[in-house]
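If you want the building blocks of each chain, they are given just below.
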Amino acid sequence: MIPIRQVTVHPDGAMIRRQGEAHSLDGQVILSGLPLLLDTATLRVEVEGAQVVDVRLELDPAIPEESDDDARERLQVALEAHATLAARRAALEAERETLRTLTPAYVDEADPPSAETIEAWAGAEDVLEPWADRIDADLRDLRKEEEAMQERLMACRLAVQQASDEAWWKRWMPTHALHVTVDGDGPLAITLSYRMSGATWSPSYLLVCDDTLVKARFAMRALVVQATGEDWSDVALAVSTAPCRRRVDLPKLPALRLGVRQPPPPPAWRPLPPGLDALFPDEVATLEPAPEPSPVDDTDVFGVEVMAVADTEPDTLIMSRPFMEAASDAPMPPPPPAPLSAPPMPQAMPAPARRAKAKRAPVGGALRSRSLPQRPTPSPDGLDADPDHLDYTRLRLAGPQAPRGQRGRLQPLSEASWLAEAGLPASARRRYRDVVAELRAAMNRARDRALPPHHVRPGPVRGADTVCRAKGEVHLPSDGRFHSVALFEEPIELTTRYVAVPRHDARVYRRVTASLQRSEPLLPGPVEVLVDGALEITTPWQGTASAGALTLHLGVEDRLEVARNVRYEEASAGMFGGRRKLTTRIEVDVASAMSRDVEVELMERVPVATEGVDVSVELVDAAPRAVPWEGGADDALQEGLHRQRLPLPAGGRGHARLVYAVTMSAKDELVGGDRRG
Amino acid sequence: MDEATVDAPAVRIELFEDRAAVVREVALRDGRQALRIGPLSPLLRAEAVAFVGGQSVLVEDMEVRRTLQRRVDADPAALTSLREVEEATSDAVSQAEDAVRRADDRVSRAHEVLQAAADATPAALQSGEAPQRWLSAVRRLADARRAAVDAAHEARQGLARAQQAHQRAAQALAELRLGHPVEQAWLHARVVANGAGSARFRYVLPCALWRPLHRATLQGNEVRWEVQAAAWNVTGESWNDVELVCSTARPGERAEPPVLREDRLQVQRRETELIVEARDEEVTQSRDGERAIATHLPGVDDGGETRVYVAPKPVSLQSHGKPVLLTLAELQMPCQRRWEATPERGAAVVLRTRQSQTDTRPLLAGPVHLVRDGESVGRTQIELVAPGEPFSVGWGSHDSLRVVRRTDHRTDRTLLRGTHVHTFDTRLRLSHLGSDMVTVHITERVPVSELTEVSVSLEDVTPPATGPDRDGFLTWELVLHPGDQQTITLTTQVKAASRVVLPF
């Protein structure tokens, strides 16, 4: 198998790129071990060194050569070898017994042994001793051999037990094998790429500052989770905000004409000629069409929708979209294999006629239906091939034994036959479905995994997608857990400002800005702020769309305090000709306990007169100078907001003043009360 | 008259969209003769058989007889080979049994001899035999017994192995003997031949057919287009090295014209309200209409004229129901290529080529396997392309180009003036996440009014675009550098009289 070199993680999956060398033999290269649930519609195969002739994805059932029978046979052999050892030992022990009887016996009293005989007897030891030695040595060896054989026997018994056991099936993992046909033999460089669902990511940031909030390091990380079934070892990782998609077809964009209805254009397909069934001789037995079965199982074994159709085998499933997951992002609906009578929807503008009918019902609808009569459906020239039927390599011709209406016609390969053709025994079909369901469940769990606090699923920033590449090579196991990957890091210089909104909050907030070398927009996500090595705050952050600019809020500065006082004055009306003048005076005092001079930005608002209403607003006085300010973080334009920059000496105090007047008719009052401060 | 069983090899197969015509050649003697031709497909019908060529032949009568044959009889070669294996393994078993018996005899003999020697030892040593020589001899006997014991066990193992092999062979043989019977048909014909030679007969069968498909290879500015055929066969006949013809002819179509029926008129109240329908109309190519999806793979339209393709080489088609792919024709077409996006139909930027069909026959509808610059990118499909017609093919999307589209629709109904105004603000954002410079063509559409009551105006286009043409298409050509992001905005207004019902 060629290794994974590059992975791009998208919010809804990952694009895997494998790259490596292979050798073609007789124009064939087989790359096995591809994941079972890879999105086959996105598979691309690039070959350098020869021309690609054909690419087929087949199931590799991975049932080992060593079957049940083999394990039994090996057990048999082991048992026999064990019996041989036992027989050999019995023979040796008998031999030792025999050896003991090999002594002279004094039989005949009349004929006592001579001195020579006695001497010769003594010499017999020279034969008997080495013999006994050898028997003992052999017995010792034999005992050792027997012990080893006992262990082997146990292993064999276990193997036999496991072969017929769930244990083996639990480890079973069928895969896809890619058969590439090329026009030459020799070494090839092959690049494969395909989409896997079951992976997602989310950005997070780290800001490490010194205690003066001047020097800092800013780092972006990606929290990546994957359960694609493949470990990614030493891969170049990239993360993207764009959805993970590929399409092959050209999207069709017809002209949009506002006019009177016209019949549809002639299609490229035509119904089968009549009279096929008459070609079958009556003598040929057919099976009666089976009654409409209840949907057997609509889990998608191919990563696709599966639906049951009339068939004779109860476990026969017909793939509705066999090897094309609906990965196209266009509103090209993957049309379900609809019955002939269902009129498909017009494509670009969904059901315009229907909406018109709803608006003007009942009269318009009734008229419409009479004046624009419905075409008979199916219209005689309105036939299209089911896109699922267009993978001809997965179509099989039904033989004469098939039910009437199916025999002699092309049928998509049923799941059962597909598995059988791949060499998977019928007994393993249920297990195959279990494996697929388990893989899919793991993928869905990874995809739907709740993100840690403040994390946001990545998406386009102001409509534009971005991609970030990880540094170095990354190892990410397929375990469905979050792994943190470093994306970039850069030293920055911070500029700290102090911001207060005294109207709402008597506290002063720290805001740091910096410029980044990196020009790409930064995505929303949490920022961990470490000041002087200690975790200061983990804050959600909206990210930044503008190039290279970083703005972050770091929480409250305890050493600055704000006090706000508001006074109202109402001027008498007479001199204005029956008008009232309301003056609001806002006074803000700030006390600093900081060891250096700082500047605090104070945010205040001046009311805004609504157009066409007899009210006028006037800014009377402001010290320091109040500068209009057009709004906060969100894009909506805000009017009447002002900010004042108040310098504060180290350990000193500051005072700001903002005065405005609202003038209106003496008979009116302000909605929501006259006191606006 | 004696009936002669003859084999008639298939020489030519014509495949249609739902059936096949088989032409076989049979050798004939001079004069009148009875033939039994076969085995043939069980789907054969006597009325579908005609003698069509070769030696002139008078057919007196013809009949199809069907036989149910055991698998064994249907495939004698398999039976022979399996039987040979079974016999060989059976022999091996009896040989192994003999070996075991002999080894056991040897063990008992060695045992007896050793026992006798051991029993005689005391007396022999007493009687003055040289003990060393005697004992060495006894030891040799003991060694011999050991060897005999080992040999006996080896023989037993050999026997077990032989028995297993035999069991497997016997099982395979039993399966062949007991499997489902096979149906075969035989053509019994009495013919009078005018001279010795060979004659051809032809018959039509269901359960064999073809469909066109394509393989397109894009290399630079040229497309190599291979027209291929997928052929299926489950007739029960296997055809080897035959001449293959794939045709769009419809032998099953009716011969007489359709019946014309009367048209009885009725009236109803006219509609007062004008309902406008937005109609998707593709301008240069066939349009998307309302079409039903066929439950089986339908036939392909041939543009009104029967198209016939002859396979360039002899072909073999086995009866297994799986497709066999073969190349029928090859075309070279120069093309123009560019990256195109239609954001209304998806965020992808797809490589599109435009080329003219260079064949004298049309390209028939079917799937196309795409190879783009050495990379297999997947499968698309084409519809009927007439000779000389320019057509487009999509070659897969760019992995690092994205278009995001957003449309805001505002409606202003000014009932006093009797009009309503629809304003569409469309905003496109393009992002290039890759590392190479790309030129992208972006197409948007504005509605085209065919009615005086409805007017369409283009309020704002930034950056300026080419168009709109008379079909309402606007095109931008943008150059995107790595990391680029670009924005396109488009504002359209549709004004209509208030009695007009617009589809949006």
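About the criteria used
Residues numbered from 1 in each chain as written. Chains lettered and ligands numbered in written order. Predicted model: local features only at pLDDT ≥ 70, side-chain atom pairs only at ≥ 80, totals over all residues. Heavy atoms only, no water. Helix = DSSP H or I, 4+ residues; strand = E, 2+ residues; numbered from the N terminus. Buried < 20%, exposed > 50% of the residue type's maximum accessible area, 1.4 Å probe, protein only. Contact = heavy atoms within 4.5 Å. Areas by Shrake-Rupley, 256 points an atom, 1.4 Å probe, with all protein chains shown as cover. Pairing = 2+ DSSP bridges. Axes fitted to C-alpha atoms, helices over the stretch in contact; angles between N-to-C directions. Polar contact = N/O pair within 3.5 Å; in protein donor to acceptor, adjacent residues only side chain to side chain. pLDDT = per-residue confidence, 0-100. Phe/Tyr/Trp six-rings, centres within 6.5 Å; stacked < 30°, edge-to-face > 60°. Lys NZ or Arg CZ within 6 Å of the ring centre and 35° of its normal. Salt bridge = Lys/Arg side-chain N within 4 Å of Asp/Glu carboxyl O.

Peer 1: Would you explain the overall build of chain B in this entry?
Peer 2: Each helix and strand counted, chain B has 3 helices and 30 strands in total. Relative to its 504 residues, chain B shows a buried fraction of 48%. Pairs at least 24 residues apart make up 78% of the contacts formed inside chain B by residues separated by at least 6 positions. Per element, the accessible surface of chain B, about 23900 Å² overall, is 48% carbon and sulfur.

Peer 1: In this structure, what is going on with the overall build of chain A? I would like to understand it.
Peer 2: A count of helical and extended segments in chain A gives 7 helices and 31 strands. Counting the 677 residues in chain A, one finds 45% classified as buried. Summarising the internal contacts of chain A: among those between residues at least 6 apart in sequence, 75% fall at separations of at least 24. In the form shown here, chain A has an accessible surface area of approximately 33500 Å², with 51% of it arising from carbon and sulfur atoms.

Peer 1: For this particular structure, what's the right way to read the sheet that holds strand E28 (residues 615-623) of chain A?
Peer 2: Strand pairing in a sheet relies on backbone hydrogen bonds. The paired strands run either parallel or antiparallel. Residue and element names in this part refer to chain A. Across the sheet, 9 strands lie side by side as E28-E31-E26-E25-E22-E21-E27-E30-E29; this open sheet has mixed pairing. Each of the sheet's edge strands pairs with one partner strand only, and the pair in question is E28 and strand E29 (626-629). Averaged over all pairs of adjacent strands, the angle between their axes in this sheet comes to 30°, without regard to strand direction. By the bridge criterion, 4 bridges tie E29 to strand E30 (residues 641-648) in an arrangement that is antiparallel. In the strand pairing of E30, valine 627 is matched with arginine 643.

Peer 1: Honestly, the side chain of A:Ser414 in this entry has me stumped. Any pointers?
Peer 2: Counting through the fold element by element, A:Ser414 comes out in the loop between strand E17 (410-412) and helix H6 (415-421). In terms of polar contacts, A:Ser414 uses its side chain to reach the side chain of A:Ser417, at 2.5 Å.

Peer 1: Even after reading the chapter, I still don't get the confidence of the model for chain B, so can you show me in this structure?
Peer 2: The predicted coordinates ought not to be read in detail in places where the model reports low pLDDT. Residue and element names in this part refer to chain B. Looking at chain B as a whole, its pLDDT mean stands at 84, while 92% of the residues score no less than 70. Predicted confidence in chain B is weakest over strand E13 (residues 277-281), with a mean pLDDT of 53, and strongest over strand E2 (residues 10-15), with 94. Confidence drops under pLDDT 50 across residues 281-289; counting only partners more than four residues distant or on other chains, this segment forms 24 contacts. Here the prediction assigns the complex a pTM of 0.67, and the interface score ipTM is 0.71.

Peer 1: Please explain the sheet that holds strand E20 (residues 482-493) of chain A as it appears in this structure.
Peer 2: All names here are of chain A. An order of E20-E9-E8-E23-E24 is seen for the 5 strands of this open sheet, with the pairing classed as mixed. Taken across any chain shown, the strands that pair with only one partner, and hence form the sheet edges, are E20 and strand E24 (534-541). Strand-to-strand twist across the sheet, computed as the mean angle between neighbouring axes with direction ignored, equals 20°. Pairing of strand E8 (residues 199-209) with strand E9 (residues 215-226) involves 11 bridges; the strand directions are antiparallel. By the bridge assignment for E9, alanine 199 is matched with glutamine 226.

Peer 1: Just to check I follow, could you spell out the environment of A:Leu410 for this structure?
Peer 2: Locating A:Leu410 in the fold gives a position in strand E17. We classify A:Leu410 as buried; its relative accessible area is 4%. With 12 residues separating them in the primary sequence, A:Leu410 and A:Ala398 have C-alpha atoms 6.2 Å apart. Ignoring any residue separated from it by four or fewer positions in sequence, one finds A:Leu410 in contact with A:Leu395, A:Arg396, A:Leu397, B:Leu209, B:Arg211, B:Trp232, B:His296 and B:Leu297.

Peer 1: How should the packing of aromatic side chains be read in this particular structure?
Peer 2: We describe a pair of aromatic rings using the distance from one ring centre to the other and the angle between the two ring planes. In the structure shown here, the tally under the stated rule is 9 aromatic pairs over all chains. Taking the centre distance of 6.0 Å and the plane angle of 65° together, the rings of A:Tyr392 and B:Trp232 count as edge-to-face. Placement of A:Tyr392 in the loop between strand E15 (383-384) and strand E16 (395-397) and of B:Trp232 in strand E10 (residues 222-233) is noted, with the two residues assigned to different chains. Among the residues examined, B:Trp232 registers a relative accessible area of 0% and is labelled buried. An aromatic cluster of three or more residues is present, and its members are A:Tyr205, A:Phe218, A:Phe488 and A:Trp541. The residue whose ring lies beneath A:Arg407 is A:Phe280, and the NZ or CZ to ring-centre distance is 3.9 Å. Seen from the ring of B:Trp186, B:Arg36 lies directly overhead, with NZ or CZ sitting 3.7 Å from the centre.

Peer 1: Is there a simple way to think about the pairing of strand E2 (residues 13-24) of chain A in this case?
Peer 2: Side-chain direction in a regular strand flips from residue to residue, so the side chains alternate between the two faces of the sheet. Residue and element names in this part refer to chain A. Note that strand E1 (residues 4-10) and E2 share 6 bridges and pair antiparallel. Opposite glutamine 6, over in E2, you have arginine 17 as the bridge partner. Hairpin connection from E1 to E2: 2 residues lie between these consecutive antiparallel strands. Taken together, the 11 bridges between E2 and strand E7 (residues 186-196) define a ladder with antiparallel strand orientation. What sits directly across from alanine 22, in E7, is leucine 188.

Peer 1: What is the right way to look at the pattern of salt bridges in this model?
Peer 2: Oppositely charged side chains can pair when the atoms bearing their charge come close. Residue and element names in this part refer to chain B. For the structure on display, the rule yields 60 salt bridges over all chains. Salt-bridge contacts for arginine 12 lead to glutamate 243; the nearest nitrogen and oxygen are separated by 2.9 Å. Here arginine 12, found in strand E2, pairs with glutamate 243, found in strand E11 (residues 239-247); they are 231 residues apart in sequence, far enough to count as distant. Given the relative accessible area of 36%, glutamate 243 is considered partly exposed. Arginine 215 is paired through a salt bridge with glutamate 226; the nearest N and O atoms lie 3.4 Å apart. Of this pair, arginine 215 sits in strand E9 (residues 208-219) while glutamate 226 sits in strand E10, and the two are 11 residues apart along the sequence. Judged by relative accessible area, arginine 215 falls into the buried class, the value being 5%. The exposure class of glutamate 226 is buried, given its relative accessible area of 8%.

Peer 1: Explain the environment of B:Ala148 here, please?
Peer 2: All names here are of chain B. Note on placement: alanine 148 falls in helix H3 (residues 131-178). Residue classification places alanine 148 among the buried residues on the basis of a relative accessible area of 1%. Placed 44 residues apart in sequence, alanine 148 and aspartate 104 show a C-alpha to C-alpha distance of 7.9 Å. Filtering out sequence-adjacent residues up to four positions away, alanine 148 remains in contact with Arg106, Val107 and Ala110.

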